[in-house]
Amino acid sequence: MRDATGAANLSDLQKSHSHRQNKSPASPAKLSFKDGKRGTTKLASKFEEGQDVLARWSDGLFYLGTITKINKQNQSCFVVFEDRSKSWVLWKDIQTGASGGGEMVCTICQEESSEPPNEIVICDKCGQGYHQLCHAPNIDSSVIASDDKWLCRQCVFATTTKRGGALKKGPNAKALQEMKQSLPYALEDLVWDQGHKTNIQQCYCYCGGPGDWYLKMLQCSRCKQWFHEACIQCFQKPMLFGDRFYLFICSVCNSGPEYLKRLPLRWADIVHLSLYNLSVIHKKKYFDSELELMTYINENWDRLQLGELGETPKSDRYGSILEALNNNHTMFMSGKEIKKKKHLFGLRIRFPPAPQNTDSRVDREPERASHEIKIKGRKSTKPIPEPSEMGNGVVKKGKRKHTGGHSFETLAKLRRSSEHPPRDDEKPRQWRTTHWTSWLRRATEVISPCRLQVPQMWNPSVPQAPLKLPQAFQDSPACTAPAGPARAGSGQSRSPLS
């Protein structure tokens, strides 16, 4: 968090704001159409293009960014973050610094009135003003009379929340625990989907920010709201993506500190959770069971918090993992099913595993269909084969024939046509070519252009019938036989070869 420019005169601003009238605080979402339009205009005046702001991301943490566009209709701003990522962020999830000048207004209701018992109190961190009754929880009058520093709800969360769990010790951690006794929104007004995983308002956790239930969030077993890992203070180990093997009760429902209990995992759950985390991290589906999957499990063995299974020797883990992969075909897919290496495995359906003792199979079926986590992979650049080339879903690869030159028939035709010009008494060229080709095809089955082809079974005692070939074929120089006992087609009978 960066300090506001107007924070130097905070003590004077806290006591000097007194106005002509005192109106009861109202949330912009519950204003009438006329007042709502006026409230939207006032809220929009807080933002301007090129302004540096802190925007809350889906993990519950604030990140520095710059506003490039403002959408008054959707009450959101297009923010470009330091890592070049871009996203639309709702106004409720954007924190700005103190205004440079003008009258101090309440950040919640955008009103300037400041009279007891609903005065405007200035945050000592960001310089934003809040009515005592607009802030959640309500600001006690003792804060105004005291000289101690006071931080608003946004700044308390910004300074205490972190990856792996919020701070547990220190003055800010104590202030966070007090803030978490109430929610800054009405939980009953949220509109949820069928599986109670997402709501239209994009309002989750104690902070009221956006969230993704399938990443690092836990669901309270009583109110069913989802909470960020970064805002929860009772973690002993950092969460894994999609790890719902906890029994969790939030501070609001527990009326005090949060309650957290680790649920047991089976070997199939370990494999499922590990493959899901690998797919989220690496954005692909299949992983080597020994080089990638087993390596990830060993590196995160302590974070899995396996209880009795955690005592399994390292040398015995791979056998149990391999058995879970091969015995749960409805959950895991092997690479050999898609003509890949058999030691590659992936999730048949990408979604985080659910604890066996909390969600029944009937309850989980709608979740698989409507909340499947899709992770984009690489697109294939190969063209789609024609249906004639497909067989049972597998592309047939035909053997490529080698053509080193013209065939014997073609050579004979070319040579004959060049050495024997057509005579006037011959048939038309089309008839001659067709019949000559048929004769030539039959002749080449016995005689090659340059030598005699001897039958496999030769019996000297049995006279061989002479071969009768066309006169044109006998006179062709391409079919001249080498010196030997007899010439094929000469009318003489063959004699045995010596």
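Residues numbered from 1 in each chain as written. Predicted model: local features only at pLDDT ≥ 70, side-chain atom pairs only at ≥ 80, totals over all residues. Heavy atoms only, no water.

An unreviewed UniProt entry lists the protein chain under the name Metal-response element-binding transcription factor 2, with Anguilla anguilla given as the organism. Under the Sequence similarities (unreviewed entry) heading, UniProt states for the protein chain: "Belongs to the Polycomblike family." For the protein chain, the Subcellular location (unreviewed entry) comment in UniProt is given as "Nucleus". (UniProt positions renumbered as here; feature names shortened; annotations may be inferred.)

Asks: I'd love a proper account of the nonpolar core, names of residues and values included.
Replies: By size, the foremost hydrophobic cluster in this structure holds 39 residues, and its most contacted members are Tyr206, Phe227 and Phe248. Mapped by element, the contributors of at least two residues to this core are helix H4 (153–160), helix H5 (171–179), strand S8 (217–219), strand S9 (226–228) and strand S10 (246–249). Grouped together as the second largest cluster of nonpolar side chains are 27 residues, Leu263, Val271, Leu293 and Leu325 included. (Core = buried A, V, L, I, M, F, W, Y, C linked by side-chain atoms within 4.5 Å. Buried < 20%, exposed > 50% of the residue type's maximum accessible area, 1.4 Å probe, protein only. Helix = DSSP H or I, 4+ residues; strand = E, 2+ residues; numbered from the N terminus.)

Asks: So, the sheet that holds strand S2 (residues 62–71): which residues are in play, and what are the values?
Replies: In space, the 5 strands of this open sheet follow the order S4-S3-S2-S1-S5, with antiparallel pairing throughout. A strand with exactly one partner marks an edge of an open sheet, and here the two such strands are strand S4 (86–90) and strand S5 (94–95). One ladder, built from 2 bridges, connects strand S1 (residues 52–56) with S5; its direction is antiparallel. In the strand pairing of S5, Leu54 is matched with Gln95. (Pairing = 2+ DSSP bridges.)

Asks: I'd like a rundown of the confidence of the model for the protein chain, residues and numbers included.
Replies: Residues of the protein chain with pLDDT of at least 70 account for 63%, and the chain-wide mean is 75. The weakest mean pLDDT in the protein chain belongs to helix H1 (residues 10–16) at 36; the strongest belongs to S9 at 97. Low pLDDT, under 50, characterises residues 1–36; the predicted model gives this stretch 62 contacts beyond four residues in sequence or across chains. Here residues 359–366 scores under 50 on pLDDT; set against residues more than four positions off or in separate chains, the count is 6 contacts. (pLDDT = per-residue confidence, 0-100. Contact = heavy atoms within 4.5 Å.)

Asks: Can you break down the packing of aromatic side chains residue by residue, with the values?
Replies: The tally for this structure, following the rule as stated, stands at 11 aromatic pairs. Seen in terms of ring centroids, Trp192 and Tyr204 are 5.9 Å apart; in terms of plane orientation they differ by 70°. Their pairing is edge-to-face. Of this pair, Trp192 sits in the loop between H5 and S8 while Tyr204 sits in the loop between H5 and S8, and the two are 12 residues apart along the sequence. Here the aromatic residues Tyr206, Phe227 and Phe248 are joined through ring pairs into a cluster of three or more. The ring of Phe78 has Lys69 lying over it, and the distance from NZ or CZ to the ring centre is 5.6 Å. Its guanidinium or amino end placed over the ring of Trp301, Arg317 lies 3.8 Å from that ring's centre, counting from NZ or CZ. (Phe/Tyr/Trp six-rings, centres within 6.5 Å; stacked < 30°, edge-to-face > 60°. Lys NZ or Arg CZ within 6 Å of the ring centre and 35° of its normal.)

Asks: Report on helix H10 (residues 314–327), specifying residues and quantitative values.
Replies: Taking 1.5 Å as the rise per residue, H10 with 14 residues should run 20 Å; its terminal C-alpha atoms sit 21 Å apart, in good agreement. Buried residues in H10 make contact with helix H7 (267–282), helix H8 (289–299), helix H9 (301–304), strand S13 (332–334) and strand S14 (344–347). (Expected span 1.5 Å × (residues − 1).)

Asks: Would you mind going over the sheet that holds S13 in detail, with residue names and values included?
Replies: Taken together, the 3 strands give an open sheet; going across it, the order is S12-S14-S13, and neighbouring strands pair in antiparallel fashion. Two strands in the sheet have a free side with no partner beyond their single neighbour: strand S12 (287–288) and S13. Running at roughly 90° to S14, H7 makes contact with S12, S13 and S14 of the sheet. (Axes fitted to C-alpha atoms, helices over the stretch in contact; angles between N-to-C directions.)

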